[in-house]
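Summary of structural features
Each chain, letter by letter, is given below.
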Amino acid sequence: MHVIQIEQKIVALKEKIKPLQEEIIHHKVYSSITSLDDLTVFMQYHIYAVWDFMSLLKALQNKLTCTSVPWFPVGNQNTRYLINEIVVGEESDVDSNGLRKSHFELYLEAMKKCNADTLEFEKFMASVQASRTMEEAYRAAGTPKAAQDFVDFTFSVISGQKPNVLAAVFTFGREDLIPAMFLSLVEDIHKDFPENVSLFKYYLERHIEVDGDHHSKLALEMTATLCGNNPTYWEEAEHATIQCLKRRIELWNGVSKALTSQNHVNRTK
């Protein structure tokens, strides 16, 4: 398949998933966030997506490079570069003080600064680290069903171990698609609670700057290389991406319901 044909495949895939991406960008969850309390509820769900994104990233690195000893050259030289370049930025970025941190660690710190409850997620992660099953970790933490379903889908992709599917979900399904209106809402809350929201605002701005520009281009090239001239690979990529975007919508639906429930309780107090 020539370069032009691969570009046509990318365009076709983007057109196919555009309605789902638009649904995510214009989801009602964003306009439901009007206070610091609302923001913390959002973060308590979203942290699961931030964490399993890192797991998806490392699964790709494991498939496309040699991460064991003794070392041997693995796969395509260019895809090795592309994934390693993305890993550096995601796993070892800088915080607002110039200190090296992963985007996950940045997010968790931002949660604590916002006074969001991190105990649930910390219980979940401790359980997973203790080599318990996901189901046991969910029970131990009391993980919301919408977050469970989202993580379960990500790990089903990881367990499939197909590089083209991993790359497509990473590239087209896991771009956070943070709309300008969400950043604007966070900036409004930041005006009232600058001390609390400053780290989260930095996370969003950094995420848009690094992931939305540099990393997205690297990921797109990686996916194009891995799918190459194989029509089946492109079909698998499209199917997995669509499923991933649907899971994101379901996650946002879960957050929206939680916000509605919280606001109802607040009104009746």
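It should be emphasised that the depicted structure is a prediction, and the values quoted were computed from it without experimental measurement. (Residues numbered from 1 in each chain as written. Predicted model: local features only at pLDDT ≥ 70, side-chain atom pairs only at ≥ 80, totals over all residues. Heavy atoms only, no water.)

Some points on the overall build of the protein chain
Along the protein chain, the regular secondary structure elements total twelve helices and two strands. The C-alpha atoms of the protein chain give a radius of gyration of 19 Å, which matches the 18 Å a tight globule of 269 residues would have. Each principal axis of the C-alpha atoms in the protein chain carries an extent, and together these give about 65 × 40 × 35 Å. Here the protein chain holds 269 residues, and the buried ones make up 51% of them. (Helix = DSSP H or I, 4+ residues; strand = E, 2+ residues; numbered from the N terminus. Rg over C-alpha atoms; globule rule 2.2 N^0.38 Å. Buried < 20%, exposed > 50% of the residue type's maximum accessible area, 1.4 Å probe, protein only.)

What to know about the packing of helix H3 (residues 36-64) against helix H4 (residues 77-91)
Here H3 crosses H4 at 150°, and the two axes come no closer than 10 Å. Classified by the angle their axes make, H3 and H4 are roughly antiparallel. Here the hand of the crossing between H3 and H4 comes out left-handed. Of H4, the residues touching H3 (which contributes Phe53, Met54, Leu57, Lys58, Leu60, Gln61 and Leu64) are Thr79, Arg80, Ile83, Asn84, Ile86, Val87, Glu90 and Glu91. For the contact of H3 with H4, the class distribution of residues is eight nonpolar, three polar and four charged. (Axes fitted to C-alpha atoms, helices over the stretch in contact; angles between N-to-C directions. Parallel < 35°, antiparallel > 145°, perpendicular 65-115°, else oblique. Left-handed = near helix turned anticlockwise from the far one by under 90°. Contact = heavy atoms within 4.5 Å. Nonpolar A, V, L, I, M, F, W, Y, C, P; charged D, E, K, R; others polar.)

Regarding helix H7 (residues 134-141)
An α-helix turns once per 3.6 residues; consequently, residues spaced three or four apart project the same way. Taken as a whole, H7 has its buried residues at Met134, Ala137, Tyr138 and Ala141. Projection of H7 onto a plane perpendicular to its axis shows the buried side chains occupying an angular sector of 100°, all on one side. Its buried side turned inward, H7 meets H3, helix H6 (119-129) and helix H8 (145-160). One or two residues past the end of H7 sits Gly142, with phi positive at roughly 70°. (Arc of directions from axis to C-beta.)

Notes on the side chain of His103
With respect to the helices, strands and loops of the structure, His103 is situated in helix H5 (residues 103-113). Here Glu90 takes part through its side chain, which lies 2.9 Å from a polar atom of the side chain of His103. (Polar contact = N/O pair within 3.5 Å; in protein donor to acceptor, adjacent residues only side chain to side chain.)

Remarks on the packing of aromatic side chains
In the structure shown here, the tally under the stated rule is 17 aromatic pairs. On the numbers, 5.0 Å between centres and 50° between planes, the contact of Phe42 with Phe182 is tilted. Taken together, the positions of Phe42 in helix H3 and Phe182 in helix H10 (residues 180-192) put the pair 140 residues apart, joining distant regions of the chain. Across this residue pair, the class does not change: Phe42 and Phe182 are buried. (Phe/Tyr/Trp six-rings, centres within 6.5 Å; stacked < 30°, edge-to-face > 60°.)

Points about the side chain of Asp95
Mapping Asp95 onto the fold places it in the loop between strand S1 (93-94) and strand S2 (100-101). Under the relative-accessibility criterion, Asp95 is labelled buried at 5%. Here the side chain of Asp95 touches Lys101 through a polar contact of 2.5 Å, side chain to side chain. The residues touching Asp95, leaving out its near neighbours within four places in the chain, are Lys101, Leu106 and Tyr202.

A closer look at the state of the cysteines
With the rule as written, the count across this model stands at zero disulfides. Unpaired in terms of disulfides, Cys244 finds its nearest cysteine sulfur in Cys227, a separation of 15 Å. (Disulfide = S-S within 2.5 Å.)

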